[in-house]
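Descriptive analysis of the structure
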Amino acid sequence: MLGRYAKAGVLVLAFVVLAVEAYLLYEYYDRYYDRSTAASSVAAPEEATRRYASGSDGSADPSMFEDTGPGTARGTGDANPADETTFFHTATDENSRGDYTYLSDPSIDGDPNAVVLAEPSLGRGGDGGLAYGHNVGVWFEPGAKKWAVFNQDRVAVRPGAAFEVVVPRRSDRFVQRAELPNTFGNSTYLDNPLTNGEPDAVVSVTQNWNPGGGGGVYNDHPVGVVYDEDVEKWAVYNEDDAPMPNGAAFNVAVSGDAEPAR
């Protein structure tokens, strides 16, 4: 009798394990592949059904990229990679989808290899200067061919949230990926001529979920930068001491006179 019950228990346990594996596989597929268009298998910081604009064919609605918010652009405002472009972006119902809000600027539109930095702009979005309350990053959405700012915790971006966006000069920027050789604990060390041996450099970083427009890695932690005099290199680190995920990526800008944007 006990043997029969034991066998039944094993079968139930096996069924539970298979069910969990099936659920995890579904979650992976739902997050990383667009079920609405077979021709576009792209990763997204939110569920696939909220990835694109609500066009009848699943494509992005161009009207959502119009600047309908109160943000005022400044900087060069063109697509010349030799110049730095800075502008303010305000999230609206039209330009936002779930946990991200689409950016629109000639300097980055359609360019998955652009280097985009963004941070909440306190006081511009009707928040009274209150802290934004979410760790943010940027990602490139291949279907819409647009960059977007997203909340790392996947909470929906509220209408009126404002962000300052900087597209650094090509000569002052690069992308950092956290990999085993350059990652120690909560930090990933930069190895670039712009930063090596430059303790007085001003290093600004924004998390980049998917450099080049592929799949990505979440890192829902506040990040900062620090210069390690022992190795004469800068490092990006999680300020709450959380381990740096393998594959986490960061857009990096380097200057000698700008304020750091984190």
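Scroll up to find the structure.
A few points on the structure. Given the structure is predicted, the values throughout are model-derived calculations rather than measurements. (Residues numbered from 1 in each chain as written. Predicted model: local features only at pLDDT ≥ 70, side-chain atom pairs only at ≥ 80, totals over all residues. Heavy atoms only, no water.)

Moving on: the overall build of the chain. Looking only at helices and strands, one finds one helix and 15 strands in the chain. Here the chain, with 262 residues, has 45% of them falling under the buried criterion. In the chain, of all internal contacts separated by at least 6 residues, the share reaching a separation of at least 24 is 65%. In the structure as shown, the chain presents an accessible area of about 13,300 Å², 54% of it carried by carbon and sulfur atoms. (Helix = DSSP H or I, 4+ residues; strand = E, 2+ residues; numbered from the N terminus. Buried < 20%, exposed > 50% of the residue type's maximum accessible area, 1.4 Å probe, protein only. Contact = heavy atoms within 4.5 Å. Areas by Shrake-Rupley, 256 points an atom, 1.4 Å probe, with all protein chains shown as cover.)

It is worth spelling out the side chain of R97 at this point. Examined against the element boundaries, R97 turns out to sit in strand β3 (residues 96–97). Under the relative-accessibility criterion, R97 is labelled buried at 17%. Reaching out from R97, the side chain makes a polar contact with the backbone oxygen of D93 at a distance of 3.5 Å. (Polar contact = N/O pair within 3.5 Å; in protein donor to acceptor, adjacent residues only side chain to side chain.)

Judged by nonpolar contacts, the single largest core of 18 residues is most densely connected at L103, I108, V116, W147, V149 and F163. Setting aside its immediate chain neighbours within four residues, L103 contacts H89, I108, D109, V116, K146, W147, A148, V149 and V165. Counting 16 residues, the second largest nonpolar core, distinct from the first, contains A201, V236, A248 and V254. (Core = buried A, V, L, I, M, F, W, Y, C linked by side-chain atoms within 4.5 Å.)

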